[in-house]
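Examining the three-dimensional arrangement
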Amino acid sequence: MEPQSHFLLPHSASSELSDSSPESMTSVTLGRAISSLLSPRPKKLHDAVSRLSPLPLTSTGPASVSGSLDDSLRFLLHYLNDAARRNEPLDEILIPMLDNSLKNKDSKHGGQAMVVLNWLFQDGFVFEAIAMALVRVISTKDDRFVVLGWCTFVRAVLEYESSVTQFPMNGIKERYPDLLKILASCIPHLSVVLHKGSTLQDGYELPSRLAVCAADCFLALSEALIRKAKVPSNKAKLSDSKAQKRPVTLVALDGGDKKAKPAPESLDASNMELDYILWDHLEEVLGLVQKLLAWSRKSRPLHAKGLEQVLKWLHEIKGHYRNVKAEAGSKVIKTGILLLSSCWKHYGMLMHLEDQKFSQHYKELLDQYLAGIQFYAGHTENKDGSSETIKFFLNCLCLLLGRFDSKKFESVVSEYGMRISQVLVPQLHSAADDVIDGVVCIFKALIFKQKSPGSSLTDTGEVDAVLPLLIHLLDERDGTARAVVLLIAEYCLMSRDSQCLKEVIERLASENVQQRRNAVDVIAEVIHMSSDSKYVHTQLSWHNIAKHLIVLLEDEETAIREQASSLLPLIDPSLVLPALVNLIYSGDERLQSTASDACVVVLKYHSENAEVICMLLDCLSNLSQNVNRDTGSKLESDRVLRLIPEWSKSVQSWNFLIEPLIDKMFAEPSNANIVRFLSHISEHLAEAADVVLSCVLMHAKRRKDFSRLECQTDKSEDSEKMQQTLFEHLCPLLVIKMLPLRVFNNLDSTIMYGQLSNQGIVHDCQDINAINQDTVTALLLKSLVIFIFRTFCEFEFNDVRKLAAELCGRIHPQVLIPIICSQLEYAAGSQDIIKIKACLFSVCTSLVVRGRESLFHPGMLKIRKTLETMLLWPSLDGDEVSRAQHGCIDCMALMICAELQDPESSNIVGTKKNHSGAALRNSVLLYVINQLTQDKDLPVSESNLDDVKCTSEVPVPLSFYLCMANVLISACQKISDSGKKLFARRSLPRLIRAVEVITKSEIRAACTQVLFSAVYHLKSTILPYSMDLLNVSLKALQKGSEKERMAGAKLMGSLMASDDAIIHSISGGLVEARSVLSSISLTDPSPELRQVSKKLLACLTS
């Protein structure tokens, strides 16, 4: 809504009645005089002014107002002279004039203020007072209605030659140059007004009525400064007859050595001063054009294109001339001013937002600009200058044609369309990109008849006629083709049928490389434009586009392959990913690589969209099923999954992706590709561990517990259902298995441990099966319950139980060891083999994963005692007890490995300082050696160390000693390289000495077997003890039992197979060894031992 113009004078009618002071009476009289002068018709006022011209001499007495125009004029003149001498404000005179100008802006009966002003300007003293008062109004008044009237009034004064009064304006004309110099100081104020007058709507800036008036006033002032400077117009009318006689070339701004041709006539010095004014306000001019551009983007795209080019040109001028270090008035600066003035004369005129005169002379301007393009297109002696000048005319055409509304534009096109096409088509071959760009924009407007982007073309008859010509221009790779690409792309989007797009797609299969590249460019523009919300009505065959882009990945041209790859992410992934996955498994290695790169680009583009990743997994699963069904072989899924780490780098937030991915895994528990996929992003899953575990817990709660009844029911069902149930139980554990160890290290994580790190709660957990999953939140509502409950569930699948036990081993020892300690002790007391094996598996995993951190937990000593109890149980080879005892042996062996772990590599802070003493006091290695080498039948309690009084005592069974030997053998096999030397130093001397004193041959044989394993596995670390070991083997061969002799032979063979340093060390005893072996090979009753001896003897004699 336009604001109503209404001004309040400082003194109203009421003040006349209430205040009879001289000042008040003068104000009232002045108000009557102004009212009487602004009320009559302009002709009557002009007649009154004419009767008083030339201005009457100022009288000595005060003037009075009798009601006639003559008296009012005299009074006004007398008042102005007095006010000017006293330097008083003239608001009471000017504001009514501004109000009158605004009210009668579009009226045929307006212009009274102009008549009065023209008469007053004949007095130089009065003119200067009024002009300065006008400046004060715009600089001091904040009332937007006053500023609106000011802009309207000042523009009318500046455009006095076309004023609606149609009366001579000699007073304004004579004072015009001085008026311009005074009003030029208002340019910054006008700039502020128009910059404040924008509102944002749907992402576009729209001007207020005040901003429009301020912009037009600014333009009028800038035009007046140039017009009054009398710069010879480089763009004078270029009708066909005159264009040949007025060759003027604009300066090319891209080269510092290029100069403008000398102007036909020099600039007048006084007028040049006016030109400098606009030059000095170049920043404000730039700001004006920027605002006009912002206001035109939505509704006048062609006009906006012209403004964009003008803005670019102004920046070039600023950068080229304003940075020249030269004195004002130099030739370089004058060239810049001349260039600005020459072009701004047309630019300023074409930029007006409101111009009633425009419709009267647009045809003349259109003819002039087209003639200019034709003229300079035919002169090639100065290509740079001609190109700049053609660019100027094209900018003017954009500004001119872009001003019309759709109806007027169609009328102009119907009259001038053919001529415009004839003039502009040759410019499509220009070497200047800006020229081609301007021509394309004009053609776009001509073809689409100023339709807004996104609307459909209903009448395509004219376009269909020219379309074959446009398509034909895609045959070459030049500027013309680049220009036509944009036109065809937009037509494809706006056309209701797909014929144009079909023709373009057909060219994608052309044998001509240039045709293919141009066709890809069109497709690229179509895709980029279609992403704009303006084109919501487009009907494109995206499936067809995607299919042909996929085919282009096989193109022999690298540029085409790369461009096709870059466009695929912009298309619906469901149309792209299946084909890309298939191509990744192509037999062509180059195609594999291209498809893989394209797939990564697509995934990165949709990095925050979980649906796209799920879609990729579906494509991989479908392809796997098809390959398996058709060929019976398995698909190598890593070809696709190896791309995942590269994609994962582009993901900014994993929280939005995790839940859908885990949901998919639970929905398809048997899909191994999902598990492999998650394993590739395990480190990223750790960054959002709380989200991962929350999702796992939520799904785990939804699944029913696996009870005895369900187990029995499931056993009677088919294997497929059992397998599905197995996968459902494995899913939560598989997800958690992918989390790195650092997730388990955070004891403060409530989602992982809840309150379990509180030792009071941990020690209360004596029976995991008794805990209610739905009520005990400290234990069962956290992820630990998944491990513990499944580990000790009697009716769980073996695979699930093993995985749960393994994951238990990753739990922090402060939480795990107390629970395992109580559970293992309880299981040992009841000889619950399933639970024992689960506990042992968890302890072994913990020792492997955490080493000394788990070993030196206080609860581990009690676990060791429980292991000793179980090793004392009687057993038979192959029974469940025997299997459990093998687990005990491995567990104790891993304790030894953890004990000998390099403290520097331990993940516990302060391990070396805090546990070095404990390692010696509670050494598992020394304990095992002592248990093996003690030569007494110590009594052992049958109560299994459960703190119940012994009821009977029996000797330590031989099997216990053998178990201890097996612990050492297993430790030799499992120990890391860093611990081998320490193991040898702590164990070998003790074992060597023990063999000499142990009385039982079975134990001596076991010890010798341990020494054999040590030599075999510890390699060069046994060097210091090699000769002693050789002596042990010789003694066993000479005096031992059959088992001892066999163990001694193995020990000797292992020593002989060692490295050169060990061979050299034992060389002194090899003579005796040969003698012993020779004797055994001939006399020993064991055929197997004789055979081994012969082989060893052969090695010695060879």
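Residues numbered from 1 in each chain as written. Predicted model: local features only at pLDDT ≥ 70, side-chain atom pairs only at ≥ 80, totals over all residues. Heavy atoms only, no water.

Before going further, it helps to spend a moment on the overall build of the protein chain. Helix and strand counts for the protein chain stand at 55 helices and four strands. Here the protein chain holds 1102 residues, and 54% of them are scored as buried. Long-range contacts, defined as pairs at least 24 residues apart, comprise 75% of the intrachain contacts of the protein chain with a sequence gap of at least 6. If you sum the accessible surface of the protein chain, you get close to 50400 Å²; carbon and sulfur atoms cover 51% of it. (Helix = DSSP H or I, 4+ residues; strand = E, 2+ residues; numbered from the N terminus. Buried < 20%, exposed > 50% of the residue type's maximum accessible area, 1.4 Å probe, protein only. Contact = heavy atoms within 4.5 Å. Areas by Shrake-Rupley, 256 points an atom, 1.4 Å probe, with all protein chains shown as cover.)

Further remarks concern helix α7 (residues 124-140). For α7, built from 17 residues, the straight-helix expectation of 24 Å at 1.5 Å per residue is met to within 8% by its first-to-last C-alpha distance of 24 Å. Every buried residue of α7 is listed here: Val126, Phe127, Ala129, Ile130, Ala131, Ala133, Leu134, Val135, Val137 and Ile138. If you follow the buried residues of α7, they end up packed against α4 (69-85), α5 (91-103), α6 (112-120), α8 (144-158), α9 (170-183) and α10 (187-196). The opening residue of α7 is aspartate 123, an N-cap whose side-chain oxygen sits 2.9 Å from the backbone nitrogen of phenylalanine 125. (Expected span 1.5 Å × (residues − 1). Polar contact = N/O pair within 3.5 Å; in protein donor to acceptor, adjacent residues only side chain to side chain.)

Looking now at the pairing of strand β1 (residues 198-201). Here β1 runs beside strand β2 (residues 204-207); their pairing, made up of four bridges, is antiparallel. Within β2, the residue paired with serine 198 across the bridge is proline 207. The hairpin turn running from β1 into β2, its antiparallel successor, is two residues long, and aspartate 202 in that turn takes a positive phi close to 55°. (Pairing = 2+ DSSP bridges.)

To continue, consider the side chain of lysine 664. With respect to the helices and strands, the residue lysine 664 is situated in helix α31 (residues 655-667). Here the side chain of lysine 664 touches aspartate 618 through a polar contact of 2.5 Å, side chain to side chain. Setting aside its immediate chain neighbours within four residues, lysine 664 contacts Cys614, Leu617, Asp618 and Ile674.

A general trend in soluble globular proteins is that nonpolar side chains are found buried together. In terms of nonpolar packing, the biggest core is built from 355 residues, with Trp150 and Trp344 touching the most fellow members. Leaving out residues up to four positions away in the same chain, tryptophan 150 has contacts with Leu98, Leu134, Val137, Ile138, Leu183, Cys186, Leu190 and Cys217. (Core = buried A, V, L, I, M, F, W, Y, C linked by side-chain atoms within 4.5 Å.)

Considering every residue of the protein chain, the mean pLDDT works out to 78; 77% of them sit at 70 or more. Every residue in residues 1-21 scores below 50 in pLDDT, and together they form 26 contacts with partners more than four places removed in sequence or on other chains. Within the model, the stretch residues 57-66 combines pLDDT values under 50 with 16 contacts to residues more than four positions away or in other chains. (pLDDT = per-residue confidence, 0-100.)

Before going further, it helps to examine the pattern of salt bridges. Using the criterion set out here, one finds 41 salt bridges in the structure. Here aspartate 82 and arginine 85 are joined by a salt bridge, their closest N and O atoms 2.4 Å apart. Of this pair, aspartate 82 and arginine 85 are both found in helix α4, three residues apart, which corresponds to roughly one turn of the helix. For aspartate 82, a relative accessible area of 16% corresponds to the buried category. With a closest N to O distance of 3.0 Å, aspartate 977 and lysine 980 form a salt bridge. Of this pair, aspartate 977 and lysine 980 are both found in helix α49 (residues 977-997), three residues apart, which corresponds to roughly one turn of the helix. A single salt-bridge network, built from bridges that share partners, covers Arg155, Glu159, Asp216 and Lys357. (Salt bridge = Lys/Arg side-chain N within 4 Å of Asp/Glu carboxyl O.)

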